[in-house]
Amino acid sequence: MTTPSARATEITGRLAPSPTGHLHLGHARSFLLAWWHARARGGRIVLRIEDLDTERVKPGMIEATLADLRWLGLDWDGEPHVQSAGEARIAAAAAALVARGLAYPCTCTRAEIAAAASAPHVGESGPRYPGTCRGRWPSVESAQSATGRAPALRFVVREGPIEIEDGLHGRLAFDVARAAGDFPIYRRAGSPAYQLAVVVDDAWQAVTEVVRGEDLLESAARQALLQEALGLPRPRWWHVPLVTDEHGRRLAKRSDDLSLASLRERGVDPRAVVGWVARRSGLKSARDAWPAGLVREFALDRIPRTPVAAGPLEIAELAAG
Ligand code: GLU
Ligand code: ZN
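Residues numbered from 1 in each chain as written. Chains lettered and ligands numbered in written order. Predicted model: local features only at pLDDT ≥ 70, side-chain atom pairs only at ≥ 80, totals over all residues. Heavy atoms only, no water.

Engineer: Looking at this model, I keep getting lost on the pairing of strand β9 (residues 170–174). Mind explaining?
Structural biologist: For a regular strand, side chains alternate in direction, first toward one face of the sheet and then toward the other. Relative to β9, strand β8 (residues 162–166) runs antiparallel, the two being bridged by five bridges. When the bridges of β9 are listed, D166 appears paired with G170. What sits between the antiparallel neighbours β8 and β9 is a turn of three residues. (Pairing = 2+ DSSP bridges. Helix = DSSP H or I, 4+ residues; strand = E, 2+ residues; numbered from the N terminus.)

What follows is the structure, encoded as structure tokens:
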């Protein structure tokens, strides 16, 4: 696989926003942590716009995302990589897995999967897939012509646990076969699924450090399986605690009053946002600052291991500067 630059040994972190809604304080925090972690060690940062989930991508959100990141004082090396522009590369990886018998077409609907799952295990991405279509169709074309609908592609998950190492969580074992079963790498709508896209593009962008929210910890195990099958290197992973609202609920993209756009409209200084994140990320005496001003003091292993609450009090603190 060719990479845009031959820098595979260099430290490279990444920011990988999805343009599905306005960025909020939770994104600000994970992006700042990713940025500090790479920059503190003299590394590069690449930006990737994850726009493949076409049903959820909203018009104008790519520009809005870039504006939010710049407002925070974050920068990146090279041009942003818009994931859909490299879809052929992801399709080629999927085709290679199918050719090797490591992925197969699946014509099941959501309702069929829910009905077939014997012990309904609702994991991160719905019920476990029971393997209905494994070995069922001789080819993608035959699956399509037999049912008249475009099949999804599912990855053949091997039995048994897979171990991953996380910089904050240590060594962990996940049994993906039991929890999720054969998971999709292409969706029935014909677009690549997140798990495959992220693995192909992290390798293509020579990413060595993945710092992102804890909600993706289980995904790391699936990604490790795909990396193993495709012969791609594993990045180092750090899954960081999420920002929650005052009730401990995870922030959603619709948490509009915590969106960076609305803080900006209310006249909040971006340096106050950076300082707010920094003080909750092990930089106890940090003042309001641009991200670059805090690089030297930053160490990812000093961040608290508990979620960060952002309720009305915190917002008032931000607005007060
Ligand atoms: N684009 C994903 C998100 O915004 C992040 C994916 C990743 O970091 O692997 O949730
Ligand atoms: Zn199926």
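Engineer: Can you help me understand the coordination of the zinc ion (ligand 2) in this one?
Structural biologist: Geometry reference: four tetrahedral donors at a metal, ideal angle 109.5 degrees. Six octahedral donors, ideal angles 90 or 180 degrees. Donor atoms from the polypeptide that bind the zinc ion (ligand 2) are C106 (SG), C108 (SG), Y129 (OH) and C133 (SG), placed at 2.1 to 2.3 Å. Geometry at the zinc ion (ligand 2) is tetrahedral, judged from its four donor atoms and the angles of 100 to 120° they form at the metal. (Donors = N, O, S within 2.8 Å, 3.2 Å for Na, K, Ca; no water. Tetrahedral: all angles 85-135°; square planar, octahedral: opposite > 155°, others 65-115°.)

Engineer: What is the right way to read the site of ligand 1 from this model?
Structural biologist: In the region of ligand 1, the neighbouring residues are R14, A16, S18, E50, Y194, V198, R212 and L216. Contact distances for ligand 1 include 2.8 Å between a nitrogen atom and a side-chain N or O atom of S18. Between an oxygen atom of ligand 1 and a side-chain N or O atom of Y194, the distance comes to 2.7 Å. Look at ligand 1: alone it shows 300 Å² of surface, and the protein chains cover 79% of it. Its residues assigned to classes, the shell around ligand 1 shows four nonpolar, one polar and three charged. (Near = heavy atom within 4 Å. Polar contact = N/O pair within 3.5 Å; in protein donor to acceptor, adjacent residues only side chain to side chain. Areas by Shrake-Rupley, 256 points an atom, 1.4 Å probe, with all protein chains shown as cover. Nonpolar A, V, L, I, M, F, W, Y, C, P; charged D, E, K, R; others polar.)

Engineer: Before we go on, may I ask you to explain the pairing of strand β7 (residues 152–155) in this structure?
Structural biologist: Because side chains alternate across β7, one face comprises the buried residues A152 and R154, and the other comprises L153 and F155, equally buried. Across four bridges, strand β4 (residues 103–106) lies against β7 in antiparallel orientation. Bridge pairing in β7 links C106 to A152. (Buried < 20%, exposed > 50% of the residue type's maximum accessible area, 1.4 Å probe, protein only.)

Engineer: In this structure, what is going on with the sheet that holds β4? I would like to understand it.
Structural biologist: In spatial order, the strands read β4-β7-β10; together these three strands make up an open sheet with antiparallel pairing. Only two strands of the sheet have a single neighbouring strand rather than two, namely β4 and β10 (184–186). Geometrically, the sheet is characterised by an average inter-axis angle of 40° between neighbouring strands, direction not taken into account. Across two bridges, β7 lies against β10 in antiparallel orientation. The residue of β10 that forms the bridge with L153 is Y186. (Axes fitted to C-alpha atoms, helices over the stretch in contact; angles between N-to-C directions.)

Engineer: Whenever I open this one, the environment of D166 confuses me. Can you help?
Structural biologist: Summarising the element assignment, D166 is placed in strand β8. The exposure class assigned to D166 is buried, which follows from its relative accessible area of 2%. Along the sequence, D166 and A152 sit 14 residues apart, while their C-alpha atoms lie 30 Å from each other. When residues no more than four places from it in sequence are discounted, the contact partners of D166 are L217, W237, W238 and H239. (Contact = heavy atoms within 4.5 Å.)

Engineer: Can you help me understand helix α10 (residues 270–279) in this one?
Structural biologist: Since the α-helix advances by 3.6 residues per turn, residues separated by three or four positions end up pointing in the same direction. Burial runs high along α10: eight of the 10 residues are buried. All of the buried residues along α10 are P270, A272, V273, V274, G275, W276, V277 and A278. Taken together, the buried residues of α10 touch α1 (25–39), α2 (61–71), α9 (260–265), β14 (308–309) and α11 (312–320). Put simply, D269 is the residue that caps the front of α10, since its side-chain oxygen is 2.8 Å from the backbone nitrogen of R271.

Engineer: How should the packing of helix α3 (residues 87–99) against helix α7 (residues 194–204) be read in this particular structure?
Structural biologist: Axes are the key here: two packed helices are described by the angle between their axes and the distance separating the axes. Where α3 contacts α7, the two axes come as close as 9 Å, and the packing angle between them is 115°. As summarised for this structure, α3 and α7 are arranged roughly perpendicular, according to the angle between their axes. Between α3 and α7 lies a crossing of right-handed hand. Listed contacts from α7 to R89, I90, A93, A94 and L97 of α3 are L196, A197, V200, D201 and W204. Looking at the contact of α3 with α7, its residues break down into eight nonpolar, no polar and two charged. (Parallel < 35°, antiparallel > 145°, perpendicular 65-115°, else oblique. Left-handed = near helix turned anticlockwise from the far one by under 90°.)

Engineer: Even after reading the chapter, I still don't get the side chain of H27, so can you show me in this structure?
Structural biologist: Within the fold, H27 resides in helix α1. Take H27: its relative accessible area is 16%, and that puts it in the buried class. Of note is the side chain of H27, whose polar atom sits 2.9 Å from the backbone nitrogen of H24.

Engineer: How do you make sense of α2 when you look at a structure like this?
Structural biologist: Among the residues making up α2, those that are buried are M61, A64, T65, L66, D68, L69 and W71. In this fold, the buried residues of α2 make contact with α1, β2 (44–49), α9 and α10. Just downstream of α2, G73 is the residue with a positive phi angle, here 90°.

Engineer: What exactly am I supposed to notice about the environment of L153 here?
Structural biologist: Within the secondary structure layout, L153 lies in strand β7. The exposure class of L153 is buried, given its relative accessible area of 12%. Along the sequence, L153 and R187 sit 34 residues apart, while their C-alpha atoms lie 6.7 Å from each other. Residues contacting L153, with those up to four places away along its chain left out, are A94, V98, Y104, P105, V140, F183, P184, I185 and Y186.

Engineer: Please explain the pattern of salt bridges as it appears in this structure.
Structural biologist: Between side chains of opposite charge, pairing is possible as soon as their charged atoms come close. Going through the model one piece at a time under the given rule, you end up with 20 salt bridges. In this structure, the salt-bridge partner of E209 is R41, at a minimum N-O distance of 3.1 Å. One end of the pair, E209, is in strand β11 (residues 209–213); the other, R41, is in the loop between α1 and β2, and 168 residues separate them in sequence. Take E209: its relative accessible area is 1%, and that puts it in the buried class. Overall, the relative accessible area of 37% leaves R41 in the partly exposed class. Among the ionic pairs, E228 bridges to R158, the shortest N-O distance being 2.9 Å. Separated by 70 residues along the polypeptide, E228 in helix α8 (residues 217–230) and R158 in the loop between β7 and β8 bring together distant segments of the chain. Taking relative accessible area as the criterion, R158 reaches 35% and is therefore assigned partly exposed. Among the charged side chains, a salt-bridge network with shared partners connects R14, R48, E50 and D202. (Salt bridge = Lys/Arg side-chain N within 4 Å of Asp/Glu carboxyl O.)

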